[in-house]
Amino acid sequence: MLSKLKQIYINLTEKGFFHLLSVNLMLQFLSFGSSLFVSKYLSPVELGEIKIIQSYSNFFLLIASYGYATAILKFCSESIENEQKYGLFRHSLFQSIKTTGISIAILFIVAYWNIISPSPHINFWLAVYAAIIPFAVFTNQAVVLLQAIKKIKEMAKAQAIVKVQSVLCIILLTYYWGFKGFIFATIIAYIAGILPFFVQFPRSVFKKVEIQISPKYRNVVRYSFMANLVSFVSQNIDIVVLDHFIKDRELIGYYSLATIFILGGMQVTYTVQSIATPYFSEKSNDRIWFLSKLKGTSRKALILSIIVSLFIITSAYILVIFYYGEQYMPTLLVLSILLVRYVIWTYSSITGIALVGLGEMRFNFIMVGISTVVGIIMSFTLVKMYGIIGVATAQVLSALTTLLLVRYIGVPAVKKALPADLSGSN
């Protein structure tokens, strides 16, 4: 038993799991600590407005990124020459320049005409905040390239540098200039954040080579974008509904604080996904290995998410009681509900990344699309009856729908996509 645990530990260490996890936890601690600090210099209304601006800007960032990051992760994880991997990265990056221009143009139009939000104040600052989009597109693709070529330590190092300088900038400017300081600090942090990734790239990344873009690559890009789009709607419909239907803007601030606590758990889940995705792609021809790892990773992710949730709710209770004050008590109830969604989502997400590894993005699109429709209907229905509690509950119902779809669509799709006649080796 001890020898088996030791082997698991050595295997995870060699893959960079603990290095990445320790860095991610450190980054999350910095991010969470800075969020706590910053929130003391922002009113609940301003805290809610920032969350709304971030959610809307992430939608346009998704359009700008299209599905190229997922395509990089999928195809650059395969056993092809490094020159081809870097060529695919450059191709994806240049294609993203076009989609970025389209995305920003649409954002300015809807912000100018007050279409996206009923608040002119939010629309104005959303247009300013849009400056982060081109830099965020590059950073996201740089991260997945390093992830795909298994340079986990280099990726973690670059992310650590970016986060530290970001946290320092945001704390300093928010302390002196409040809401405006936070917006401009975030923009500065994204601009400075591209430099650490240039340092980590091999020089051959910038060497031009001829590559062939396959129809499968285009299909992954297209289906990835559609899946990411409906996934984004599913994960952010609560903020949109709150922005349009909750008149008490302080309640949105309390809800936003609950989502800040959730970020800690999400970071653990993202770490597991970051490590697992390239291996699912690389081993997509090994049926026995693939199915065994899918089952084992899902089970471990479920147990880990439950442990993390218990830690989060305990920490949140202490902080709300002794740091924020009793007026933030609604945050704890919302957080409890959202943590249920987090556990369900974490378990379901492992099948999602397995489908990415197999290049079967259309099934992610189908599953997320159906659960998103359920989430939208439930959100608009329950917000009228139960306010922010109803919106949070709708998120759980959407996650439960995803879980059922994973069982009856996702897992069968994985089994069907795997080769039936290859056993591979562990």
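From a predicted model like this one, the values you see are computed outputs, not experimental measurements.

Student: I keep staring at the overall build of the chain and nothing clicks. Help me out?
Tutor: Scanning the chain for helices and strands turns up 14 helices and zero strands. When the helices and strands of the chain are listed from N to C terminus, the series reads α-α-α-α-α-α-α-α-α-α-α-α-α-α. Projected onto its principal axes, the C-alpha coordinates of the chain cover approximately 60 × 45 × 40 Å. Counting only residues that meet the buried cut, the chain has 54% of its 426 residues in that class. Put simply, 84% of the contacts in the chain that link residues at least 6 apart link residues at least 24 apart. In the form shown here, the chain has an accessible surface area of approximately 19900 Å², with 66% of it arising from carbon and sulfur atoms. Separation between the mean location of the 35 positive side-chain charges and that of the 17 negative ones in the chain comes to 6 Å.

Student: Hey, could you run me through the packing of aromatic side chains in this one?
Tutor: Here the distance between the centres and the angle between the planes together describe a pair of aromatic rings. Per the counting criterion, the structure on display carries 19 aromatic pairs. Aromatic pair Y112 and W113: ring centres 5.3 Å apart, planes at 90°, arrangement edge-to-face. The exposed category is assigned to Y112, whose relative accessible area is 65%. Look at W113 and you get exposed, because its relative accessible area is 60%. Where Y323 meets Y324, the ring centres are 5.1 Å apart and the plane angle is 85°; that geometry is what we call edge-to-face. Residue Y323 is classed as partly exposed on the basis of its relative accessible area, which comes to 34%. Judged by its relative accessible area of 6%, Y324 falls in the buried class. Every member of this aromatic cluster is reached through a ring pair, and the members are Y41, Y175, Y176 and W177. Against the face of W289 rests K283, its NZ or CZ located 5.9 Å from the ring centre. Directly above the aromatic system of Y408 lies the positively charged group of R407, at a separation of 5.1 Å from the ring centroid.

Student: What's the story with the pattern of salt bridges in this structure? I'm lost.
Tutor: Where charged atoms from two side chains of opposite charge come close, those side chains can pair. Applying the stated criterion across every chain, the model contains two salt bridges. Note that D243 is salt-bridged to R249, the shortest N-O span being 2.7 Å. The exposure class of D243 is buried, given its relative accessible area of 2%. A salt bridge links E360 to R362; its shortest N-O distance comes to 2.6 Å.

Student: Just to check I follow, could you spell out the side chain of T259 for this structure?
Tutor: Here T259 is to be found in helix 11 (residues 249-282). A polar side-chain atom of T259 sits 2.5 Å from the main-chain carbonyl oxygen of S256.

Student: Teacher, can you tell me more about a nonpolar patch on the surface here?
Tutor: There is a patch of nonpolar side chains on the surface, built from Y41, L172, Y175, Y176 and W177 and spanning about 620 Å² of accessible area. By the secondary structure assignment, Y175 is in helix 8 (residues 152-192). Judged by relative accessible area, which is 43%, Y175 ranks as partly exposed.

Student: Even after reading the chapter, I still don't get the environment of A417, so can you show me in this structure?
Tutor: Within the secondary structure, A417 sits in helix 14 (residues 361-417). Note: C-alpha distance between A417 and S284 (133 residues apart in sequence) is 8.8 Å. Beyond its immediate chain neighbours, meaning those up to four positions away, A417 contacts L358 and E360.

Rules of the game
- Residues numbered from 1 in each chain as written.
- Predicted model: local features only at pLDDT ≥ 70, side-chain atom pairs only at ≥ 80, totals over all residues.
- Heavy atoms only, no water.
- Helix = DSSP H or I, 4+ residues; strand = E, 2+ residues; numbered from the N terminus.
- Buried < 20%, exposed > 50% of the residue type's maximum accessible area, 1.4 Å probe, protein only.
- Contact = heavy atoms within 4.5 Å.
- Areas by Shrake-Rupley, 256 points an atom, 1.4 Å probe, with all protein chains shown as cover.
- Lys, Arg positive; Asp, Glu negative; His and termini not counted.
- Charge placed at Lys NZ, Arg CZ, Asp CG, Glu CD.
- Phe/Tyr/Trp six-rings, centres within 6.5 Å; stacked < 30°, edge-to-face > 60°.
- Lys NZ or Arg CZ within 6 Å of the ring centre and 35° of its normal.
- Salt bridge = Lys/Arg side-chain N within 4 Å of Asp/Glu carboxyl O.
- Polar contact = N/O pair within 3.5 Å; in protein donor to acceptor, adjacent residues only side chain to side chain.
- Patch = residues over 30% accessible without salt bridge, like charges linked within 9 Å, V, L, I, M, F, W, Y side chains within 5 Å.

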